[in-house]
Amino acid sequence: MHVNRTRRARPSFPAHRERISPSALAAVVLGKNEMDVKTPAQKRRKALGILLFVAINAAVIIWTASSEYHKGGNAQNFFTLRVRWRYLIPTAACFAAAITAEISKYAVMMKKLCGEIRLKTVYEVTLLGRYFDNITPSGIGGQPFQIYYLSKNGVPSGDSAVMPIAAFINMQTAFCILAITMFSIDGSVISQPGIHVAAYIGLLLYMGLPIIIVLFTLAPVWMEKVIRWFIVLFGKMHLVKNVDSTESAAINTLKDYRSDIMAMMRVRGLAVVLLALSLVYQAGICSMPYFVIRMFGGHMSWVDATTTTLFIYAAIAFIPTPGNAGAAEGSFYLVFSMLTQGRIFWAMLVWRFFCYYIYILWGIGIYARNYLTDRRRLRQGGQASEPPQDT
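The rules behind these values
Residues numbered from 1 in each chain as written. Predicted model: local features only at pLDDT ≥ 70, side-chain atom pairs only at ≥ 80, totals over all residues. Heavy atoms only, no water. Helix = DSSP H or I, 4+ residues; strand = E, 2+ residues; numbered from the N terminus. Buried < 20%, exposed > 50% of the residue type's maximum accessible area, 1.4 Å probe, protein only. Areas by Shrake-Rupley, 256 points an atom, 1.4 Å probe, with all protein chains shown as cover. Core = buried A, V, L, I, M, F, W, Y, C linked by side-chain atoms within 4.5 Å. Contact = heavy atoms within 4.5 Å. Salt bridge = Lys/Arg side-chain N within 4 Å of Asp/Glu carboxyl O. Polar contact = N/O pair within 3.5 Å; in protein donor to acceptor, adjacent residues only side chain to side chain. Expected span 1.5 Å × (residues − 1). Bend = angle between axes of the 7 residues up to and from the residue. Axes fitted to C-alpha atoms, helices over the stretch in contact; angles between N-to-C directions. Parallel < 35°, antiparallel > 145°, perpendicular 65-115°, else oblique. Left-handed = near helix turned anticlockwise from the far one by under 90°. Disulfide = S-S within 2.5 Å. pLDDT = per-residue confidence, 0-100. Nonpolar A, V, L, I, M, F, W, Y, C, P; charged D, E, K, R; others polar.

(A) Inspection of the overall build of the protein at higher detail. The number of helices and strands found in the protein is 13 helices and zero strands. Counted from the first residue to the last, the protein has its helices and strands arranged as α-α-α-α-α-α-α-α-α-α-α-α-α. The buried share of the protein, taken over its 391 residues, is 48%. For the protein, the exposed surface amounts to about 19,600 Å²; the carbon and sulfur share of it is 65%.

Pasting the structure below:
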């Protein structure tokens, strides 16, 4: 892969080879065209999906609040609580450190691969990627959208594809490193065997994609045989319509990813920087419950709170709801269980805001700002920029 370190004028990065995107690859596997116009039925299903997403979150908040009210606590009157507001500062600082580290990953990759940094692009691709992660089941929408967004903003297609994938792999790897370390140090903080089993299964899921990428990088011939075997199997199950074209598209795409990832790994120090930034992100996100607990008068060591948080995150990894809605709030009762009754609801609401709702609000804000900017340009006789599209 050609790495151009020369600063270039906007709006376009240098040209790069084209390849099929993950969303297009999925369309090939399912026998669909990703450029197909949505039918009225598809639009209705999408609208129902959005309503279901809103309903799940509303139901979770109502259920959590109701359970607290029935216990006779002070949840229904927030203003009667004695809240240690000073702990809101480190809570917000953990979030700021996490999102800054994630934005920095894209800035570093763009600088190393393309020779320049576009702050608006790296800012929006990061925040909108998190937005799509949190509104799509199992968080599957983030990476395809980021690939699309980078490509539409002039980033070479090869770099557009490899940057979100590299960021995701490093994020999963960092979580596994942090989780295994804390489980080894303080695994006894969780006494329920069921949570241990679910967490270990979730940890295997977290490790799955990095392991596949490493295997394909180190043993491409063997992995190609495995992929072909699965595609033929899916063809016999009538899940794949055109086995030959699907096999060719899948293998060629994975070869491109392998060459791009290998090229990225050859950039001196890049892998270490990306992993370090991912560790900062995970440490920041997993430290927030500790400060929220202290904010509402609870007492728990940082090690215990962080380890419990990692156990819960790993245990709910396979929950298919957007943002793990429902499972996250229910499971995190274990993290906040040392708080007095009536405070748990408010503690979870503050925690959930910083790790979930803030991304949705931020994403909506970016869309609204871009929409208003384009309307203003049109009124002034200019040309509107193409806004990010829901993939």
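Picking up after the structure, the text goes on.
(B) Here's a closer look at the nonpolar core. If you look at the biggest cluster of nonpolar residues, it comprises 84 residues, and the most contacted ones within it are Met163, Phe296 and Phe336. The element contributing the most residues to this core is helix α13 (residues 344-379), with 15 residues. Excluding anything up to four places from it in sequence, Met163 contacts Tyr106, Met109, Met110, Leu113, Leu150 and Val155. Listed in part, the six residues of the second largest apolar core include Ile227, Ile231, Ala250 and Ile251.

(C) The arrangement of the pattern of salt bridges in detail. One pass over the full model with this rule turns up three salt bridges. Between Lys120 and Glu124 there is a salt bridge, and its shortest N-O distance comes to 3.1 Å. Taken together, the residues Lys120 and Glu124, both in helix α4 (residues 119-135) and four residues apart, mark about one turn of the helix. Across the salt bridge formed by Arg369 and Glu124, the nearest N and O atoms sit 2.3 Å from each other. Taken together, the residues Arg369 in helix α13 and Glu124 in helix α4 connect sequence positions 245 residues apart. According to the relative accessible area criterion, Arg369 is partly exposed, its value standing at 35%.

(D) Structural context of the environment of Ser248. Its place among the elements puts Ser248 in helix α9 (residues 243-265). Distance from Ser248 to Arg228, taken between C-alpha atoms, is 9.2 Å for residues 20 residues apart in sequence.

(E) View of the environment of Glu124. For Glu124, a relative accessible area of 1% translates into the label buried. If sequence neighbours within four positions are ignored, Glu124 has contacts with Gly129, Tyr149, Ile366, Arg369 and Asn370. Polar contacts involving the side chain of Glu124 include one to the side chain of Arg369, which spans 2.3 Å.

(F) Structural context of helix α10 (residues 270-295). The end-to-end C-alpha separation of α10 is 38 Å, in line with the 38 Å expected for 26 residues at 1.5 Å each. Taking the largest bend as the criterion, α10 deviates by roughly 25°, centred on Ser287, and proline Pro289 comes between one and four positions later. In the segment just after α10, Gly297 is the residue with positive phi, at about 90°.

(G) Structural context of the packing of helix α3 (residues 88-114) against helix α6 (residues 157-186). Look at α3 against α6: their axes get within 11 Å of each other, and the N-to-C directions meet at 140°. Put simply, α3 runs oblique to α6. When you trace α3 past α6, the crossing you get is right-handed. Seen from α3, the contacting residues are Glu102, Lys105, Tyr106, Met109, Met110, Leu113 and Cys114; seen from α6, they are Asp159, Val162, Met163, Pro164, Ala166, Ala167 and Met171.

(H) Representation of the side chain of Ser287. Examined against the element boundaries, Ser287 turns out to sit in helix α10. Here Ala283 takes part through its backbone oxygen, which lies 2.6 Å from a polar atom of the side chain of Ser287.

(I) Local environment of the state of the cysteines. By the definition in use, this model includes zero disulfides. We note that Cys355 lacks a disulfide partner, and the nearest cysteine sulfur, in Cys286, lies 9.8 Å from it.

(J) A look at α6. In a regular helix each residue adds 1.5 Å, so 30 residues correspond to 44 Å; α6 covers 44 Å between its end C-alpha atoms and thus fits that length. Among the 30 residues that make up α6, 23 are buried, leaving the element largely enclosed by the rest of the structure.

(K) Main features of the confidence of the model for the protein. On average, residues of the protein score 75 in pLDDT, and 71% of them are at 70 or above. Contacts for the low-pLDDT stretch residues 1-37, under 50 throughout, to residues beyond four places or in other chains number 79 contacts. In the model, residues 387-391 has pLDDT below 50 throughout and makes 18 contacts with residues more than four positions away in sequence or in other chains.

(L) Looking closely at the packing of α6 against α10. Two elements in contact, α6 and α10, have axes whose closest approach is 8 Å; the angle formed by their N-to-C orientations is 60°. In terms of orientation, α6 and α10 fall into the oblique class. Crossing of α6 over α10 shows right-handed handedness. When α6 is examined against α10, the residues Asn170, Met171, Thr173, Ala174, Phe175, Ile177 and Leu178 are found in contact with a partner set consisting of Ala271, Leu274, Leu275, Ser278, Leu279, Tyr281, Gln282 and Ala283. In terms of residue class, the contact of α6 with α10 is built from 11 nonpolar, four polar and no charged.

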